[in-house]
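# Notes for the structure review
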Amino acid sequence: MTARLEICAAGPGLTVQDAGFLGYIGQGLSRGGAADTRALAEGAALLRQSPDLAAIEMAGSGGTFRVTRDARLALTGAPMQATLDGAPLAWHACHAWPAGAELRIGAVQGGSYGYLHVGGGIDTPVELGSRSTHLTAGLGRALAAGDSLPLGRDPGGPVGQGLQVEDRFCGGEIRIIRSFQSDSFAPEDVTRLSETPFTRDPRGNRMGVRLAHAGDGFFARGGLTVLSEIVVPGDIQVTGEGAPYILGAESQTTGGYPRIATVIPCDLPRAMQAGPGAPIRLALVDRATALAAERAEAKLLQALPKQVRPLLRDPREMSDLLSYQLISGVTAGEEPSP
Amino acid sequence: MTGAWPKIRPVGLTGLLVSFADTLSDPANRAALAFRAAVEAEAWPDVLESSCTLASCFIRFDPVETDPEPLEARLADLLAARDWYAAPFPAGRRLWRIPCVFGGDLAPQLGDAAQAAGMSPAQAIESLSTARTRVLTLGFAPGMPYLGTLPPAWDLPRQTELTPRVPVGALVLAIRQFVLFATTAPTGWRHVGQTAFTGYRPGADRPFALCAGDEVMFPAIPAEDYAACEADPSGLGGATWEVLE
(Lines give C-alpha, C1' and ligand atoms only; values in the text may rest on other atoms or scores of the structure.)
Protein backbone atom coordinates (compact mmCIF):
# COMPACT_ATOMS: atom_id res chain seq x y z
CA MET A 1 0.00 0.00 0.00
CA THR A 2 1.23 3.49 -0.84
CA ALA A 3 2.51 5.50 2.08
CA ARG A 4 0.30 8.49 2.74
CA LEU A 5 0.49 11.78 4.51
CA GLU A 6 -2.66 12.49 6.47
CA ILE A 7 -3.73 16.00 7.31
CA CYS A 8 -5.47 16.06 10.69
CA ALA A 9 -5.71 19.86 10.97
CA ALA A 10 -4.84 22.52 8.41
CA GLY A 11 -4.20 26.25 8.40
CA PRO A 12 -5.96 28.13 5.60
CA GLY A 13 -2.96 28.45 3.32
CA LEU A 14 -1.68 24.89 2.77
CA THR A 15 -1.01 23.89 -0.84
CA VAL A 16 1.07 21.33 -2.72
CA GLN A 17 3.84 23.13 -4.63
CA ASP A 18 6.81 22.31 -6.80
CA ALA A 19 8.75 24.33 -9.37
CA GLY A 20 5.48 25.14 -11.14
CA PHE A 21 4.21 25.16 -14.71
CA LEU A 22 6.84 25.87 -17.33
CA GLY A 23 5.93 26.44 -20.94
CA TYR A 24 2.28 27.52 -20.62
CA ILE A 25 2.41 31.31 -20.60
CA GLY A 26 1.17 31.26 -24.20
CA GLN A 27 -1.97 29.52 -22.93
CA GLY A 28 -2.46 32.01 -20.11
CA LEU A 29 -0.96 29.98 -17.27
CA SER A 30 1.78 31.64 -15.23
CA ARG A 31 4.59 29.70 -13.58
CA GLY A 32 2.98 29.27 -10.18
CA GLY A 33 4.86 26.85 -7.96
CA ALA A 34 6.56 27.55 -4.64
CA ALA A 35 6.58 31.19 -3.53
CA ASP A 36 10.08 30.57 -2.13
CA THR A 37 11.85 28.43 -4.73
CA ARG A 38 15.03 28.48 -2.69
CA ALA A 39 13.24 26.72 0.18
CA LEU A 40 12.31 23.92 -2.26
CA ALA A 41 15.99 23.47 -3.14
CA GLU A 42 16.93 23.43 0.55
CA GLY A 43 14.40 20.71 1.34
CA ALA A 44 15.70 18.62 -1.55
CA ALA A 45 19.29 19.07 -0.35
CA LEU A 46 18.39 18.07 3.22
CA LEU A 47 16.62 14.89 2.10
CA ARG A 48 19.15 14.20 -0.69
CA GLN A 49 16.42 14.04 -3.32
CA SER A 50 15.39 15.78 -6.54
CA PRO A 51 14.35 19.43 -6.33
CA ASP A 52 11.55 18.52 -8.77
CA LEU A 53 9.60 16.71 -6.03
CA ALA A 54 6.60 18.45 -4.49
CA ALA A 55 6.30 19.72 -0.91
CA ILE A 56 3.58 21.33 1.19
CA GLU A 57 3.73 25.11 1.28
CA MET A 58 2.30 26.62 4.46
CA ALA A 59 1.29 30.30 4.27
CA GLY A 60 1.36 31.84 7.73
CA SER A 61 0.46 28.73 9.70
CA GLY A 62 0.89 24.97 9.50
CA GLY A 63 -1.26 22.12 10.66
CA THR A 64 -1.16 18.66 12.16
CA PHE A 65 0.12 15.77 10.08
CA ARG A 66 0.78 12.01 10.31
CA VAL A 67 2.31 9.48 7.95
CA THR A 68 1.12 5.89 7.54
CA ARG A 69 4.66 4.50 7.26
CA ASP A 70 8.00 5.47 8.73
CA ALA A 71 9.22 8.45 6.74
CA ARG A 72 11.64 11.35 6.69
CA LEU A 73 10.67 15.01 6.79
CA ALA A 74 12.43 18.32 6.26
CA LEU A 75 11.32 21.79 7.29
CA THR A 76 12.44 24.85 5.32
CA GLY A 77 11.40 28.40 4.49
CA ALA A 78 9.98 30.75 7.11
CA PRO A 79 10.55 29.23 10.56
CA MET A 80 7.43 27.98 12.34
CA GLN A 81 6.87 26.26 15.66
CA ALA A 82 7.20 22.52 15.10
CA THR A 83 6.90 19.49 17.36
CA LEU A 84 6.88 15.74 16.77
CA ASP A 85 4.81 13.94 19.40
CA GLY A 86 5.35 17.01 21.55
CA ALA A 87 9.13 17.24 21.22
CA PRO A 88 10.45 20.38 19.51
CA LEU A 89 11.96 20.00 16.04
CA ALA A 90 14.74 22.12 14.59
CA TRP A 91 13.74 24.13 11.48
CA HIS A 92 16.00 24.15 8.38
CA ALA A 93 16.65 20.50 9.17
CA CYS A 94 15.52 16.95 8.37
CA HIS A 95 14.21 14.41 10.85
CA ALA A 96 12.97 10.84 11.14
CA TRP A 97 9.15 10.67 11.15
CA PRO A 98 7.87 7.42 12.62
CA ALA A 99 4.52 6.11 11.38
CA GLY A 100 1.68 7.55 13.44
CA ALA A 101 3.78 10.22 15.18
CA GLU A 102 1.99 13.56 15.28
CA LEU A 103 3.78 16.44 13.55
CA ARG A 104 2.38 19.75 14.70
CA ILE A 105 3.40 22.91 12.89
CA GLY A 106 2.21 26.19 14.36
CA ALA A 107 2.33 29.81 13.31
CA VAL A 108 5.11 31.44 11.37
CA GLN A 109 7.66 33.21 13.54
CA GLY A 110 8.91 35.58 10.87
CA GLY A 111 8.35 35.59 7.13
CA SER A 112 5.38 34.15 5.28
CA TYR A 113 5.90 30.68 3.78
CA GLY A 114 7.17 27.52 5.54
CA TYR A 115 7.65 24.21 3.73
CA LEU A 116 7.12 20.61 4.81
CA HIS A 117 9.03 18.14 2.64
CA VAL A 118 8.71 14.37 2.89
CA GLY A 119 11.16 11.78 1.62
CA GLY A 120 9.96 10.71 -1.84
CA GLY A 121 7.92 13.88 -2.22
CA ILE A 122 4.17 14.42 -2.30
CA ASP A 123 3.05 12.16 -5.14
CA THR A 124 -0.21 13.72 -6.28
CA PRO A 125 -0.93 13.48 -10.04
CA VAL A 126 1.18 15.55 -12.40
CA GLU A 127 -0.85 17.87 -14.58
CA LEU A 128 0.68 20.13 -17.23
CA GLY A 129 4.08 19.03 -15.98
CA SER A 130 3.56 20.03 -12.35
CA ARG A 131 1.92 19.00 -9.09
CA SER A 132 1.47 22.61 -8.05
CA THR A 133 -1.78 24.11 -6.91
CA HIS A 134 -2.41 27.36 -8.80
CA LEU A 135 -5.25 29.01 -6.93
CA THR A 136 -5.46 32.08 -9.17
CA ALA A 137 -5.82 29.90 -12.25
CA GLY A 138 -8.34 27.62 -10.55
CA LEU A 139 -6.03 24.57 -10.63
CA GLY A 140 -6.33 22.46 -7.51
CA ARG A 141 -7.40 23.75 -4.11
CA ALA A 142 -6.02 24.50 -0.67
CA LEU A 143 -5.49 21.40 1.48
CA ALA A 144 -7.93 20.76 4.32
CA ALA A 145 -8.29 18.56 7.39
CA GLY A 146 -9.16 15.05 6.29
CA ASP A 147 -7.04 15.14 3.13
CA SER A 148 -4.72 12.20 2.58
CA LEU A 149 -1.88 12.62 0.08
CA PRO A 150 0.12 9.82 -1.54
CA LEU A 151 3.86 9.87 -0.93
CA GLY A 152 6.50 8.92 -3.48
CA ARG A 153 8.86 6.02 -2.83
CA ASP A 154 11.65 7.11 -0.50
CA PRO A 155 14.92 5.23 -1.08
CA GLY A 156 16.00 6.52 2.34
CA GLY A 157 18.67 8.96 3.31
CA PRO A 158 19.93 11.17 6.07
CA VAL A 159 17.98 12.45 9.05
CA GLY A 160 19.17 14.67 11.88
CA GLN A 161 20.85 17.01 9.40
CA GLY A 162 20.63 20.79 9.18
CA LEU A 163 21.43 23.72 6.93
CA GLN A 164 22.71 27.13 7.92
CA VAL A 165 20.25 29.45 6.25
CA GLU A 166 20.59 33.18 5.86
CA ASP A 167 17.65 35.07 7.33
CA ARG A 168 15.72 35.94 4.18
CA PHE A 169 12.37 36.16 5.97
CA CYS A 170 12.33 39.74 7.21
CA GLY A 171 12.45 41.86 4.06
CA GLY A 172 15.50 44.09 3.57
CA GLU A 173 17.12 45.01 0.31
CA ILE A 174 15.50 43.69 -2.87
CA ARG A 175 17.42 44.28 -6.09
CA ILE A 176 15.44 45.51 -9.08
CA ILE A 177 16.25 46.31 -12.70
CA ARG A 178 14.52 48.43 -15.29
CA SER A 179 12.11 46.69 -17.62
CA PHE A 180 10.32 47.58 -20.83
CA GLN A 181 7.73 49.85 -19.24
CA SER A 182 10.09 51.72 -16.90
CA ASP A 183 10.22 54.57 -19.43
CA SER A 184 6.49 55.15 -18.94
CA PHE A 185 7.45 56.65 -15.57
CA ALA A 186 9.35 59.91 -15.05
CA PRO A 187 13.08 59.21 -14.45
CA GLU A 188 12.86 60.89 -11.03
CA ASP A 189 10.07 58.50 -10.02
CA VAL A 190 12.18 55.45 -10.90
CA THR A 191 15.00 56.98 -8.83
CA ARG A 192 12.58 57.75 -5.99
CA LEU A 193 11.54 54.09 -5.97
CA SER A 194 15.07 53.21 -4.85
CA GLU A 195 15.12 55.90 -2.20
CA THR A 196 11.74 55.21 -0.61
CA PRO A 197 11.48 53.06 2.51
CA PHE A 198 8.62 50.60 2.00
CA THR A 199 6.93 48.14 4.29
CA ARG A 200 5.21 44.98 3.17
CA ASP A 201 1.50 45.75 3.38
CA PRO A 202 -0.72 43.12 5.04
CA ARG A 203 -2.44 42.80 1.64
CA GLY A 204 -0.56 40.09 -0.16
CA ASN A 205 -0.75 36.50 -1.32
CA ARG A 206 0.86 34.15 -3.82
CA MET A 207 -0.20 36.47 -6.62
CA GLY A 208 1.81 39.35 -5.21
CA VAL A 209 2.50 41.66 -2.29
CA ARG A 210 1.60 45.30 -1.98
CA LEU A 211 4.20 47.75 -0.72
CA ALA A 212 3.14 50.60 1.56
CA HIS A 213 4.98 53.91 1.86
CA ALA A 214 4.52 57.47 3.03
CA GLY A 215 4.39 60.31 0.52
CA ASP A 216 3.39 60.58 -3.12
CA GLY A 217 2.35 57.61 -5.20
CA PHE A 218 4.10 56.50 -8.36
CA PHE A 219 2.22 57.28 -11.54
CA ALA A 220 2.92 56.34 -15.13
CA ARG A 221 2.71 59.02 -17.80
CA GLY A 222 -0.34 58.26 -19.89
CA GLY A 223 -2.08 56.89 -16.81
CA LEU A 224 -4.02 53.70 -17.08
CA THR A 225 -4.48 53.55 -20.83
CA VAL A 226 -1.41 51.44 -21.66
CA LEU A 227 -2.01 48.31 -23.68
CA SER A 228 -2.11 45.10 -21.64
CA GLU A 229 1.28 43.43 -21.96
CA ILE A 230 3.22 40.41 -20.80
CA VAL A 231 3.62 40.04 -17.03
CA VAL A 232 6.43 38.02 -15.45
CA PRO A 233 6.92 37.09 -11.78
CA GLY A 234 8.91 39.85 -10.08
CA ASP A 235 7.32 42.65 -12.07
CA ILE A 236 6.52 45.69 -9.94
CA GLN A 237 3.07 46.79 -11.05
CA VAL A 238 1.72 50.17 -10.07
CA THR A 239 -2.03 50.23 -9.63
CA GLY A 240 -4.30 53.24 -10.00
CA GLU A 241 -3.66 54.42 -6.44
CA GLY A 242 0.10 54.69 -7.07
CA ALA A 243 1.24 51.84 -4.78
CA PRO A 244 3.86 49.39 -6.09
CA TYR A 245 2.87 45.74 -6.03
CA ILE A 246 5.52 43.02 -6.47
CA LEU A 247 3.98 40.20 -8.51
CA GLY A 248 4.71 36.63 -7.41
CA ALA A 249 4.59 33.14 -8.84
CA GLU A 250 0.81 33.25 -9.35
CA SER A 251 0.77 36.54 -11.22
CA GLN A 252 -1.49 36.95 -14.22
CA THR A 253 0.27 36.42 -17.59
CA THR A 254 -0.80 39.75 -19.07
CA GLY A 255 -1.90 42.96 -17.46
CA GLY A 256 -2.75 46.56 -18.08
CA TYR A 257 -1.20 48.21 -15.03
CA PRO A 258 2.23 49.61 -15.94
CA ARG A 259 5.32 47.96 -14.49
CA ILE A 260 7.92 50.40 -13.15
CA ALA A 261 10.73 47.84 -12.71
CA THR A 262 11.20 44.14 -11.98
CA VAL A 263 12.70 42.25 -9.06
CA ILE A 264 15.65 40.11 -10.13
CA PRO A 265 14.71 36.41 -9.93
CA CYS A 266 17.11 35.46 -7.12
CA ASP A 267 15.66 38.17 -4.84
CA LEU A 268 12.00 37.26 -5.47
CA PRO A 269 11.89 34.61 -2.70
CA ARG A 270 13.00 37.27 -0.21
CA ALA A 271 10.31 39.66 -1.46
CA MET A 272 7.58 37.00 -1.17
CA GLN A 273 8.78 35.87 2.27
CA ALA A 274 8.73 39.35 3.86
CA GLY A 275 6.05 39.21 6.54
CA PRO A 276 3.40 41.93 6.98
CA GLY A 277 5.11 45.13 8.17
CA ALA A 278 8.61 44.00 7.19
CA PRO A 279 10.81 46.81 5.83
CA ILE A 280 11.69 46.60 2.13
CA ARG A 281 14.11 48.73 0.16
CA LEU A 282 14.15 48.43 -3.63
CA ALA A 283 17.73 48.80 -4.86
CA LEU A 284 18.00 49.61 -8.59
CA VAL A 285 20.98 47.77 -10.08
CA ASP A 286 22.26 47.53 -13.65
CA ARG A 287 21.93 44.40 -15.81
CA ALA A 288 25.52 43.29 -15.30
CA THR A 289 25.15 43.41 -11.52
CA ALA A 290 21.84 41.56 -11.71
CA LEU A 291 23.31 38.88 -13.94
CA ALA A 292 26.29 38.41 -11.63
CA ALA A 293 23.87 37.98 -8.69
CA GLU A 294 21.85 35.44 -10.65
CA ARG A 295 24.93 33.41 -11.54
CA ALA A 296 26.12 33.49 -7.92
CA GLU A 297 22.69 32.22 -6.79
CA ALA A 298 22.79 29.36 -9.32
CA LYS A 299 26.16 28.31 -7.87
CA LEU A 300 24.89 28.56 -4.31
CA LEU A 301 21.90 26.34 -5.12
CA GLN A 302 24.18 23.76 -6.71
CA ALA A 303 26.40 23.77 -3.63
CA LEU A 304 23.50 23.34 -1.16
CA PRO A 305 23.81 19.54 -0.76
CA LYS A 306 27.43 19.96 0.35
CA GLN A 307 26.41 22.37 3.06
CA VAL A 308 24.13 19.95 4.87
CA ARG A 309 25.65 19.15 8.28
CA PRO A 310 24.64 16.81 11.09
CA LEU A 311 22.67 18.56 13.82
CA LEU A 312 24.90 18.63 16.90
CA ARG A 313 22.36 16.90 19.09
CA ASP A 314 19.05 15.31 18.41
CA PRO A 315 16.72 18.23 19.08
CA ARG A 316 14.00 15.90 20.36
CA GLU A 317 16.23 15.17 23.34
CA MET A 318 17.17 18.77 23.91
CA SER A 319 15.25 20.24 26.83
CA ASP A 320 17.24 23.45 26.49
CA LEU A 321 16.67 23.97 22.76
CA LEU A 322 15.52 27.52 23.22
CA SER A 323 18.96 28.60 24.32
CA TYR A 324 20.56 27.43 21.08
CA GLN A 325 21.09 30.10 18.49
CA LEU A 326 21.70 27.86 15.49
CA ILE A 327 21.33 30.56 12.89
CA SER A 328 22.14 34.21 13.14
CA GLY A 329 18.94 36.09 13.89
CA VAL A 330 16.68 33.05 13.92
CA THR A 331 16.30 30.40 16.57
CA ALA A 332 16.02 26.78 15.65
CA GLY A 333 12.29 26.72 15.61
CA GLU A 334 10.89 27.52 19.03
CA GLU A 335 10.53 31.05 20.31
CA PRO A 336 9.40 31.68 23.87
CA SER A 337 5.75 32.65 23.94
CA PRO A 338 5.20 36.37 24.35
CA MET B 1 2.70 52.72 -38.13
CA THR B 2 5.39 55.11 -37.02
CA GLY B 3 9.06 54.40 -37.55
CA ALA B 4 9.41 53.48 -33.86
CA TRP B 5 7.78 50.06 -34.41
CA PRO B 6 8.47 47.21 -34.30
CA LYS B 7 10.96 47.22 -31.44
CA ILE B 8 12.74 44.74 -29.19
CA ARG B 9 12.96 45.45 -25.47
CA PRO B 10 14.15 43.47 -22.44
CA VAL B 11 11.57 42.03 -20.03
CA GLY B 12 13.44 42.06 -16.75
CA LEU B 13 16.35 39.64 -16.84
CA THR B 14 14.48 36.68 -18.31
CA GLY B 15 12.90 37.75 -21.56
CA LEU B 16 12.72 39.84 -24.69
CA LEU B 17 9.60 41.49 -26.03
CA VAL B 18 9.11 42.13 -29.74
CA SER B 19 6.34 44.73 -29.96
CA PHE B 20 4.56 45.81 -33.10
CA ALA B 21 2.55 48.72 -31.70
CA ASP B 22 1.50 50.33 -28.44
CA THR B 23 -2.18 50.24 -29.30
CA LEU B 24 -4.34 47.32 -30.37
CA SER B 25 -4.86 47.12 -34.11
CA ASP B 26 -5.60 44.26 -36.45
CA PRO B 27 -2.24 44.51 -38.31
CA ALA B 28 -0.26 44.63 -35.04
CA ASN B 29 -2.06 41.59 -33.64
CA ARG B 30 -1.59 39.69 -36.93
CA ALA B 31 2.10 40.63 -36.91
CA ALA B 32 2.54 39.38 -33.34
CA LEU B 33 0.81 36.07 -34.17
CA ALA B 34 2.83 35.52 -37.33
CA PHE B 35 6.11 36.51 -35.71
CA ARG B 36 5.56 34.15 -32.78
CA ALA B 37 4.79 31.32 -35.19
CA ALA B 38 8.09 32.09 -36.96
CA VAL B 39 10.02 32.11 -33.66
CA GLU B 40 8.50 28.74 -32.73
CA ALA B 41 9.39 27.35 -36.16
CA GLU B 42 13.04 28.37 -35.65
CA ALA B 43 13.14 26.13 -32.52
CA TRP B 44 16.20 27.96 -31.17
CA PRO B 45 17.56 25.99 -28.21
CA ASP B 46 17.98 29.08 -26.05
CA VAL B 47 14.28 30.00 -26.31
CA LEU B 48 12.49 28.36 -23.37
CA GLU B 49 9.01 29.46 -24.42
CA SER B 50 7.18 32.20 -26.27
CA SER B 51 3.75 33.76 -26.15
CA CYS B 52 1.65 36.39 -27.85
CA THR B 53 0.14 39.36 -26.11
CA LEU B 54 -2.18 41.74 -27.95
CA ALA B 55 0.51 43.36 -30.11
CA SER B 56 3.75 41.68 -29.02
CA CYS B 57 5.62 38.42 -28.96
CA PHE B 58 7.38 37.49 -25.70
CA ILE B 59 10.43 35.24 -25.70
CA ARG B 60 11.69 33.73 -22.43
CA PHE B 61 15.22 32.49 -21.85
CA ASP B 62 17.44 31.45 -18.92
CA PRO B 63 19.63 34.44 -18.03
CA VAL B 64 22.29 32.25 -16.43
CA GLU B 65 22.65 29.99 -19.48
CA THR B 66 21.88 32.41 -22.29
CA ASP B 67 23.51 35.61 -23.42
CA PRO B 68 20.60 37.73 -24.68
CA GLU B 69 22.63 39.69 -27.24
CA PRO B 70 23.00 36.99 -29.90
CA LEU B 71 19.36 36.01 -29.33
CA GLU B 72 18.32 39.61 -29.78
CA ALA B 73 20.40 39.81 -32.99
CA ARG B 74 18.65 36.72 -34.38
CA LEU B 75 15.27 38.23 -33.50
CA ALA B 76 16.25 41.47 -35.25
CA ASP B 77 17.24 39.51 -38.37
CA LEU B 78 13.94 37.65 -38.30
CA LEU B 79 12.08 40.96 -37.88
CA ALA B 80 13.87 42.41 -40.90
CA ALA B 81 13.12 39.35 -43.03
CA ARG B 82 9.63 40.47 -44.00
CA ASP B 83 6.77 42.88 -43.44
CA TRP B 84 5.15 41.18 -40.45
CA TYR B 85 2.15 43.55 -40.49
CA ALA B 86 1.24 42.08 -43.86
CA ALA B 87 2.12 38.49 -42.97
CA PRO B 88 -0.60 35.90 -43.45
CA PHE B 89 -2.01 34.18 -40.40
CA PRO B 90 -0.21 31.05 -39.22
CA ALA B 91 -1.65 27.79 -40.60
CA GLY B 92 -3.90 25.49 -38.63
CA ARG B 93 -6.13 28.10 -37.04
CA ARG B 94 -9.69 27.06 -36.22
CA LEU B 95 -13.06 28.75 -36.57
CA TRP B 96 -15.19 27.95 -33.52
CA ARG B 97 -18.93 28.32 -33.11
CA ILE B 98 -19.81 28.35 -29.41
CA PRO B 99 -23.55 28.37 -28.56
CA CYS B 100 -24.38 31.23 -26.22
CA VAL B 101 -27.40 32.39 -24.25
CA PHE B 102 -27.54 36.21 -24.42
CA GLY B 103 -29.34 38.02 -21.58
CA GLY B 104 -31.86 36.68 -19.09
CA ASP B 105 -30.95 35.19 -15.73
CA LEU B 106 -27.83 33.50 -17.11
CA ALA B 107 -26.30 36.73 -18.45
CA PRO B 108 -27.87 39.61 -16.51
CA GLN B 109 -25.99 42.57 -18.01
CA LEU B 110 -26.99 42.24 -21.66
CA GLY B 111 -29.63 44.96 -21.20
CA ASP B 112 -27.16 47.41 -19.59
CA ALA B 113 -24.60 46.79 -22.29
CA ALA B 114 -27.16 47.23 -25.09
CA GLN B 115 -28.31 50.52 -23.58
CA ALA B 116 -24.70 51.74 -23.25
CA ALA B 117 -24.11 50.84 -26.90
CA GLY B 118 -27.31 52.64 -27.97
CA MET B 119 -29.13 49.50 -29.13
CA SER B 120 -32.24 47.58 -28.25
CA PRO B 121 -31.57 44.19 -26.60
CA ALA B 122 -32.62 42.46 -29.85
CA GLN B 123 -30.21 44.59 -31.89
CA ALA B 124 -27.45 43.89 -29.39
CA ILE B 125 -27.98 40.12 -29.60
CA GLU B 126 -28.02 40.33 -33.40
CA SER B 127 -24.74 42.28 -33.40
CA LEU B 128 -22.93 40.12 -30.83
CA SER B 129 -24.11 36.73 -32.09
CA THR B 130 -23.00 37.44 -35.66
CA ALA B 131 -19.66 39.07 -34.85
CA ARG B 132 -16.67 37.02 -35.99
CA THR B 133 -13.94 37.62 -33.44
CA ARG B 134 -10.36 36.41 -33.15
CA VAL B 135 -8.46 35.13 -30.10
CA LEU B 136 -6.13 38.11 -29.63
CA THR B 137 -4.32 36.54 -26.70
CA LEU B 138 -4.87 34.01 -23.93
CA GLY B 139 -4.28 35.30 -20.44
CA PHE B 140 -5.35 35.89 -16.86
CA ALA B 141 -6.27 32.22 -16.42
CA PRO B 142 -5.44 29.04 -18.35
CA GLY B 143 -7.15 28.92 -21.71
CA MET B 144 -8.96 32.21 -21.21
CA PRO B 145 -9.26 34.19 -24.46
CA TYR B 146 -9.43 37.89 -25.16
CA LEU B 147 -11.50 38.16 -28.34
CA GLY B 148 -11.84 41.09 -30.70
CA THR B 149 -12.54 43.32 -32.16
CA LEU B 150 -16.23 44.04 -31.96
CA PRO B 151 -17.99 46.81 -33.92
CA PRO B 152 -17.24 50.37 -32.70
CA ALA B 153 -20.55 50.66 -30.82
CA TRP B 154 -19.12 48.18 -28.32
CA ASP B 155 -16.28 50.44 -27.22
CA LEU B 156 -17.71 50.47 -23.69
CA PRO B 157 -15.51 51.38 -20.71
CA ARG B 158 -14.91 48.91 -17.91
CA GLN B 159 -17.40 49.29 -15.06
CA THR B 160 -16.17 51.25 -12.05
CA GLU B 161 -17.50 48.54 -9.75
CA LEU B 162 -16.54 44.90 -9.97
CA THR B 163 -19.09 42.17 -10.53
CA PRO B 164 -18.03 39.93 -7.63
CA ARG B 165 -18.19 36.68 -9.51
CA VAL B 166 -19.02 35.34 -12.94
CA PRO B 167 -19.12 31.61 -13.66
CA VAL B 168 -16.94 29.56 -16.01
CA GLY B 169 -18.21 30.08 -19.57
CA ALA B 170 -19.34 33.65 -18.95
CA LEU B 171 -19.00 35.93 -21.97
CA VAL B 172 -18.15 39.43 -20.77
CA LEU B 173 -17.66 42.58 -22.81
CA ALA B 174 -15.74 45.90 -22.70
CA ILE B 175 -13.53 48.03 -24.98
CA ARG B 176 -14.65 46.25 -28.19
CA GLN B 177 -13.52 42.90 -26.80
CA PHE B 178 -15.06 39.79 -25.31
CA VAL B 179 -13.45 37.70 -22.59
CA LEU B 180 -14.74 34.14 -22.28
CA PHE B 181 -14.17 33.12 -18.67
CA ALA B 182 -12.25 29.92 -18.09
CA THR B 183 -12.40 30.28 -14.31
CA THR B 184 -14.75 31.79 -11.74
CA ALA B 185 -13.58 35.29 -10.94
CA PRO B 186 -14.62 38.88 -10.35
CA THR B 187 -14.72 41.18 -13.36
CA GLY B 188 -15.17 44.82 -14.27
CA TRP B 189 -16.55 43.84 -17.69
CA ARG B 190 -20.27 43.35 -18.45
CA HIS B 191 -21.69 39.81 -18.38
CA VAL B 192 -23.69 39.67 -21.64
CA GLY B 193 -23.72 35.97 -22.51
CA GLN B 194 -23.34 32.55 -20.98
CA THR B 195 -21.82 29.51 -22.68
CA ALA B 196 -21.15 26.00 -21.35
CA PHE B 197 -17.69 26.14 -22.92
CA THR B 198 -14.70 25.19 -20.75
CA GLY B 199 -11.47 26.75 -22.03
CA TYR B 200 -9.24 24.57 -19.91
CA ARG B 201 -10.09 20.87 -19.60
CA PRO B 202 -7.61 18.99 -17.39
CA GLY B 203 -6.68 15.60 -18.77
CA ALA B 204 -8.16 16.20 -22.24
CA ASP B 205 -6.02 15.46 -25.33
CA ARG B 206 -6.04 19.15 -26.00
CA PRO B 207 -6.45 20.69 -22.53
CA PHE B 208 -6.44 24.26 -23.87
CA ALA B 209 -9.25 24.34 -26.41
CA LEU B 210 -8.38 27.67 -28.04
CA CYS B 211 -5.15 29.04 -29.52
CA ALA B 212 -4.22 32.67 -30.14
CA GLY B 213 -5.33 33.39 -33.71
CA ASP B 214 -8.37 31.09 -33.65
CA GLU B 215 -11.61 32.76 -34.71
CA VAL B 216 -14.77 32.47 -32.63
CA MET B 217 -18.46 33.17 -33.19
CA PHE B 218 -21.18 32.94 -30.55
CA PRO B 219 -24.47 31.88 -32.20
CA ALA B 220 -27.44 32.77 -29.96
CA ILE B 221 -29.46 29.92 -28.49
CA PRO B 222 -32.61 30.07 -26.34
CA ALA B 223 -32.12 29.63 -22.59
CA GLU B 224 -34.02 26.32 -22.69
CA ASP B 225 -31.28 24.82 -24.91
CA TYR B 226 -28.54 25.64 -22.39
CA ALA B 227 -28.94 22.42 -20.39
CA ALA B 228 -28.16 20.36 -23.49
CA CYS B 229 -24.95 22.36 -24.00
CA GLU B 230 -24.00 21.77 -20.37
CA ALA B 231 -24.53 18.05 -20.90
CA ASP B 232 -21.98 17.93 -23.77
CA PRO B 233 -19.53 15.29 -22.50
CA SER B 234 -16.58 16.97 -24.28
CA GLY B 235 -16.85 20.00 -21.98
CA LEU B 236 -17.02 22.23 -25.04
CA GLY B 237 -20.66 23.18 -24.44
CA GLY B 238 -21.91 22.09 -27.85
CA ALA B 239 -19.21 24.05 -29.70
CA THR B 240 -18.14 23.01 -33.19
CA TRP B 241 -14.99 23.94 -35.08
CA GLU B 242 -13.43 23.75 -38.52
CA VAL B 243 -9.86 24.34 -39.63
CA LEU B 244 -9.39 27.66 -41.46
CA GLU B 245 -7.51 27.97 -44.78
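Named according to an unreviewed UniProt entry, chain B is Putative allophanate hydrolase subunit 1 originating from Dinoroseobacter shibae.

By the naming in an unreviewed UniProt entry, chain A is Putative allophanate hydrolase subunit 2, taken from Dinoroseobacter shibae.

Where the residue is not glycine, phi is negative for most of them; where a peptide bond is considered, it is trans in most cases. Here the amide bond leading from B:Trp5 into B:Pro6 is cis, since omega sits at -5°, within 30 degrees of zero. Secondary-structure assignment places B:Pro6 in the segment before β1 (7-11). The amide bond that connects B:Gly148 to the next residue, B:Thr149, takes the cis arrangement and shows omega of -10°. Tracing the backbone shows B:Thr149 in the loop between β8 (145-148) and β9 (163-166). Notably, A:His92 is not glycine yet its phi reads approximately 55°, a positive angle. Unlike most non-glycine residues, B:Ala43 shows phi in positive territory, near 50°. Along the chain, B:Ala43 falls in the loop between α1 (26-42) and β3 (49-52). Here B:Ala43 falls in the exposed class, since its relative accessible area comes to 57%.

Strand pairing in a sheet takes place through backbone hydrogen bonds and is either antiparallel or parallel in direction. Residue and element names in this part refer to chain A. Taken in spatial order, the 7 strands close into a barrel running β13-β20-β17-β18-β15-β14-β21, and their pairing is mixed. Adjacent strand axes in the sheet meet at a mean angle of 40°, parallel and antiparallel pairs treated alike. Of the strand pairs in this sheet, strand β13 (residues 172-177) and strand β21 (residues 279-284) are connected by 5 bridges, and their pairing is parallel. Paired with Gly172 across the two strands is Ile280, which belongs to β21. Against the sheet, helix α2 (residues 187-195) touches β13, β14 (198-205), β18 (244-247), β20 (259-263) and β21, its axis set at about 135° to β21.

Cut-off values and rules
Residues numbered from 1 in each chain as written. Chains lettered and ligands numbered in written order. Predicted model: local features only at pLDDT ≥ 70, side-chain atom pairs only at ≥ 80, totals over all residues. Heavy atoms only, no water. Helix = DSSP H or I, 4+ residues; strand = E, 2+ residues; numbered from the N terminus. Buried < 20%, exposed > 50% of the residue type's maximum accessible area, 1.4 Å probe, protein only. Pairing = 2+ DSSP bridges. Axes fitted to C-alpha atoms, helices over the stretch in contact; angles between N-to-C directions. Contact = heavy atoms within 4.5 Å.

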